[in-house]
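Each chain is listed here by its residues.
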Amino acid sequence: MTKSTLVSVFPRALMVLFIGITLFSCSKDDGDSLEDAFYRDKLSNANISLLTGTWSLYAASYEDITVEVPENDNDCGRDFIVFNGDGGYKEFILSDSYQCNYDSIEGEWTYDDGVITISNGYGLGYEMVLTQLNTQQMTFRAKLDIDDDGIDDIITFIAKPYTPNDFDIYSDSFYHNSDQEHKDKIRFDWQSYKGFNVFNRYEIYRTNGYNKDDAVLVTSIGDQGTNFFIDVNPPAEERLFYFFRLYTDQGKIAESEVHSVDTGELLSTGVTSSSIMVSGETIDFSWEKFDGYYFSHYEISTKETEGYFYGSSNNERTVAIIDDINTTSFSDTNPPFYKDPIYTVYVVDIFGNRSSNIIMGKQAQGLVFKRQEVTDFVRLEKFAPGKNESVIYLYGTVSGEQGSTIHRYNYGTNTVEAIADVKPPYYTDSDLKVFNSSYGEEIVLLQAGEFYVYDGTSLTLKYKITPQENFGLDDYIVLENGLWVVSDHDYVNIYKRNTDVLELIDRQPHFEKHQSSGLYYLKSLTDNRIMIGHRNEPYSYIFSYDSEGMITLIDTTVPTQTPTTLYSSITNTLINSKNKNILDGDTYQSVGSYIYPAVPNTISKDGDRLLGSNNDPLGMYTHEKKAYIYEIDSQTELSIETKGYPHYLFESYDGKLISISTGLLRSNLTSYIAKECIFMEEVTP
């Protein structure tokens with residue numbers, strides 16, 4: 001009979017037997033024929049039910065020589081064979097005595113008239129002739145060539161019931177698999193059961209901590225080959241705890257320690273956006289449905305650019321939270337107030353982890369878009385509201401152009417009505433100002449010792465006026481009687497205008513100490529008074545003037561000093577924004593104080609409301625999309641939500657509150673930024 005490749009348990013017994021044969025120099029018996037000897041005295045009436053179970057070879061004999069088969073290893077035990085009641089056959093051969101690992105070979109067995117046939121399903125196998133079978137021992141013959149002479153030998157084996165040592169190599173194998181490919185999920189791996197008993201189940205438990213007393217069974221797994229578990233429905237907690245048990249027909253044979261999972265370290269996988277379209281001023285954004293673990297919601301955001309820069313988080317703002325996993329589109333009917341926003345779809349899991357590794361063209365989509373309200377300015381240096389129309393004059397840099405120029409902008413229609421025909425060539429600290437006089441509405445900007453005077457409607461340059469006898473011009477105002485008051489480094493000067501000429505009427509010296517140019521300021525007060533101050537001077541000076549323009553110094557102790565000092569002629573009130581004091585315009589004594597707005601811009605036309613925001617260019621307050629109003633008479637503070645970040649709040653000619661705002665977070669309007677985001681908005685309580 002052909003020898004089977006299944007025969008693997010026997011070689012150890014054969015090796016021992018071969019050594020014994022060699023030592024005793026026995027020769028083969030030439031008596032009965034091989035076939036007769038092999039089947040002689042077979043146990044034809046065997047109770048084959050006794051065969052089912054686990055057996056190990058304890059002895060082997062050839063002719064008159066019998067040898068014992070020792071254990072393979074003291075700790076690991078012996079090789080063994082298993083006969084299953086369903087006709088299955090297995091051999092287990094010790095391959096690694098360090099971890100007691102066994103290799104196994106499987107086949108089928110059948111019984112007929114005292115002969116057990118072992119096969120592998122391909123016609124290859126061998127026969128075992130039973131001569132004894134009871135609960136204590138099985139004796140059988142097998143034909144094997146033990147001396148490699150090409151002739152089969154008949155070997156008798158003695159097997160006894162055997163209980164294998166089922167070593168626990170499983171408890172320590174249980175671990176949280178946090179490899180990169182599995183960082184999006186809670187996955188535990190372990191060594192699948194490869195022992196000798198009948199596998200029953202794996203159990204995964206979750207507990208509230210390292211104490212197992214309150215453990216909850218998460219799942220029971222009846223597939224022996226399974227070697228991992230993914231918790232698809234965990235509670236939304238910062239840290240979760242798990243352990244593992246393994247059961248066979250012999251009961252529990254393994255139980256791991258408790259392992260913890262920091263859910264904040266999980267990575268939420270994202271989704272790919274599929275399209276972005278513009279329809280008027282609505283942005284339609286869509287993406288693929290999320291196919292991952294622990295979905296909480298989609299988060300749609302807008303941001304300025306692909307990258308990030310320090311302190312701004314790229315002006316990224318969340319515009320929608322969608323908690324329906326099947327919703328894969330969003331229409332933004334209120335897109336951001338800056339040019340070409342980038343839309344991003346994030347997935348946030350139940351643990352608060354937001355998807356990362358955002359790639360343009362996948363999770364994020366850019367588009368060409370700008371709201372009608374957003375101007376073309378990327379930098380705004382000066383501005384002055386019109387006196388009798390819904391217009392504001394803006395001086396700054398327009399996207400794609402070099403240098404600064406003046407625009408007449410209608411904030412009611414969001415249109416540019418005129419652009420100055422001559423660009424102011426020089427930088428100036430002085431404000432852009434609007435004056436109404438017998439010459440009509442004019443826009444004036446100080447330029448290196450002369451005044452550029454533009455027509456208020458067309459912004460055509462009308463005149464360049466150079467005052468007589470000036471010594472470095474700083475600030476200027478036009479009085480109700482048409483006289484011009486101009487400050488320089490040393491004097492307060494009063495001029496009479498004759499078209500494009502300013503004729504000096506009178507001058508008086510102001511502060512004894514020369515201060516930085518460009519930081520002097522003038523205010524026209526009631527009762528023919530003029531106030532001049534400087535940021536570095538602790539007090540302002542008051543001058544009076546007569547109908548002819550002659551001036552006299554009358555007070556040097558007015559406690560205001562900053563260029564942002566505000567004044568209302570209606571209530572005769574001064575606002576010292578540096579120390580937030582409210583002063584009487586006659587006595588210059590404090591009559592109150594305020595907290596907000598932190599940055600006051602203007603006083604309302606009735607003189608009772610202080611208008612501004614908390615968007616401090618120096619960063620002393622957190623910038624926010626809010627305007628602040630302080631009602632002086634009632635001492636009431638009011639905050640109003642705005643569309644953008646307000647930088648300058650004023651009351652229009654018809655009583656509306658208008659803000660120069662930015663759609664992006666900016667410390668001020670004068671710093672250059674690549675994206676257009678400056679717009680005008682009406683602020684309504």
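Structure first, text after, so check above.
Residues numbered from 1 in each chain as written. Predicted model: local features only at pLDDT ≥ 70, side-chain atom pairs only at ≥ 80, totals over all residues. Heavy atoms only, no water.

I'd like to hear about the overall build of the protein chain, residue by residue, with values.
The secondary structure content of the protein chain amounts to 2 helices and 51 strands. A compact globule built from 685 residues should have a C-alpha radius of gyration of about 26 Å, whereas the protein chain, at 48 Å, is more than 25% larger. For the protein chain, the C-alpha atoms occupy an extent of roughly 155 × 45 × 45 Å along the three principal directions. Buried positions account for 50% of the 685 residues belonging to the protein chain. Taking contacts inside the protein chain between residues at least 6 apart in sequence as the whole, the part at least 24 apart equals 52%. Of the roughly 31,800 Å² that the protein chain leaves accessible, carbon and sulfur atoms contribute 45%. (Helix = DSSP H or I, 4+ residues; strand = E, 2+ residues; numbered from the N terminus. Rg over C-alpha atoms; globule rule 2.2 N^0.38 Å. Buried < 20%, exposed > 50% of the residue type's maximum accessible area, 1.4 Å probe, protein only. Contact = heavy atoms within 4.5 Å. Areas by Shrake-Rupley, 256 points an atom, 1.4 Å probe, with all protein chains shown as cover.)

Give a description of the packing of aromatic side chains that names residues and reports values.
The relation between two aromatic rings is expressed through the spacing of the ring centres and the mutual angle of the planes. Under the counting rule described, the total for this entry stands at 41 aromatic pairs. Consider the rings of Phe83 and Trp109, whose centres lie 5.9 Å apart with planes at 80 degrees: the pair is edge-to-face. Note that Phe83 is positioned in strand β3 (residues 80–83) and Trp109 in strand β5 (residues 101–112), a separation of 26 residues in sequence. Centroid distance Tyr596 to Tyr628: 5.4 Å. Interplanar angle 40 degrees. Geometry classified as tilted. Taken as a pair, Tyr596 in the loop between β44 (590–593) and β45 (599–603) and Tyr628 in strand β47 (residues 626–631) lie far apart in primary sequence, 32 residues in all. (Phe/Tyr/Trp six-rings, centres within 6.5 Å; stacked < 30°, edge-to-face > 60°.)

Please set out the environment of Ala142 residue by residue, giving values where relevant.
Positionally, Ala142 belongs in strand β8 (residues 138–144). Considered as a pair, Ala142 and Arg40 are 102 residues apart in the sequence and their alpha carbons are 12 Å apart. Ignoring any residue separated from it by four or fewer positions in sequence, one finds Ala142 in contact with Phe38, Glu127, Asp153, Ile154, Ile155 and Phe157.

Give me the environment of Ser667: which residues, what numbers.
Within the secondary structure layout, Ser667 lies in the loop between β50 (657–662) and β51 (678–683). Expressed as a C-alpha distance, the spacing of Ser667 and Gly619, which sit 48 residues apart in the sequence, is 7.2 Å. Not counting the four nearest positions on each side in its chain, Ser667 is found in contact with Asp616, Pro617, His623 and His647. At 3.2 Å, the side chain of Ser667 forms a polar contact with the side chain of Asn668. (Polar contact = N/O pair within 3.5 Å; in protein donor to acceptor, adjacent residues only side chain to side chain.)

With reference to specific residues and values, describe the sheet that holds strand β33 (residues 473–478).
Across the sheet, which stays open at both edges, the 4 strands sit in the order β33-β34-β35-β36 with antiparallel pairing between neighbours. In this open sheet, the two strands that pair with only one neighbour each are β33 and β36 (501–509). Sheet twist, expressed as the mean angle between neighbouring strand axes with direction ignored, is 25 degrees. Bridge count between strand β34 (residues 484–488) and strand β35 (residues 491–498): 4 bridges; the pairing is antiparallel. (Pairing = 2+ DSSP bridges. Axes fitted to C-alpha atoms, helices over the stretch in contact; angles between N-to-C directions.)

With reference to specific residues and values, describe the pattern of salt bridges.
Proximity of charged atoms lets side chains of opposite charge pair with each other. Evaluated as defined, the whole model comprises 25 salt bridges. Between Glu255 and Lys252 there is a salt bridge whose closest N-O contact spans 2.7 Å. Between Glu299 and Arg354 there is a salt bridge; the shortest N-O distance is 2.7 Å. Taken together, the residues Glu299 in strand β20 (residues 295–303) and Arg354 in the loop between β23 (342–349) and β24 (364–366) connect sequence positions 55 residues apart. On the basis of relative accessibility, which here comes to 11%, the residue Glu299 falls in the buried class. If you follow the salt bridges from partner to partner, you end up with Lys212, Arg245, Lys252 and Glu255 in one network. (Salt bridge = Lys/Arg side-chain N within 4 Å of Asp/Glu carboxyl O.)

Lay out the sheet that holds strand β46 (residues 609–613) with the relevant residues and their values.
Read across the sheet, 4 strands follow the order β45-β46-β47-β48 without closing on themselves; strand pairing throughout is antiparallel. Both outer strands of the open sheet, β45 and β48 (636–641), are each paired with one neighbouring strand and no more. Mean inter-strand twist for the sheet, computed between neighbouring axes without regard to direction, equals 30 degrees. Judged from the 6 bridges that link them, β47 and β48 form a sheet pairing that is antiparallel. Of the residues in β48, the one forming a bridge with Ala627 is Ile640.

Please provide a residue-by-residue account of the nonpolar core, values included.
Counting residues in each nonpolar core, the largest one holds 24 residues, and the members touching the most others are Phe83 and Met138. Residue assignment for this core shows that the elements contributing at least two residues are β1 (53–62), β3, β6 (115–119), β7 (125–133), β8 and β9 (153–161). Setting aside chain neighbours within four positions, we find Phe83 in contact with Leu51, Thr52, Gly53, Trp55, Gly88, Tyr89, Trp109, Ile116, Ile118, Met128 and Met138. Of all hydrophobic cores here, the second largest spans 22 residues; its members include Phe174, Ile186, Ile204 and Tyr242. (Core = buried A, V, L, I, M, F, W, Y, C linked by side-chain atoms within 4.5 Å.)

Describe the pairing of β8, with residues and values.
For a regular strand, side chains alternate in direction, first toward one face of the sheet and then toward the other. Burial within β8 is extensive, with 7 of its 7 residues counted as buried. Neither face of β8 is exposed, since Met138, Phe140, Ala142 and Leu144 on one face and Thr139, Arg141 and Lys143 on the opposite face are all buried. Sheet topology places β7 next to β8; 4 bridges connect them, and they run antiparallel. What sits directly across from Leu130, in β8, is Phe140.

I'd like a description of the pairing of strand β26 (residues 391–398), backed by residues and values.
In terms of burial, β26 is largely enclosed, as 8 of its 8 residues are buried. Across 7 bridges, strand β25 (residues 377–385) lies against β26 in antiparallel orientation. Residue pairing for β26: Phe383 is matched across the bridge by Leu394. Of the strand pairs in this sheet, β26 and strand β27 (residues 405–410) are connected by 6 bridges, and their pairing is antiparallel.

Please set out a nonpolar patch on the surface residue by residue, giving values where relevant.
A cluster of nonpolar side chains, namely Leu618, Met620 and Tyr621, defines an oily patch on the protein surface of about 370 Å² accessible area. Residue position: Met620 is located in the loop between β46 and β47. A residue is classified by how much of its surface remains accessible, and Met620, at 62% relative accessible area, is exposed. (Patch = residues over 30% accessible without salt bridge, like charges linked within 9 Å, V, L, I, M, F, W, Y side chains within 5 Å.)

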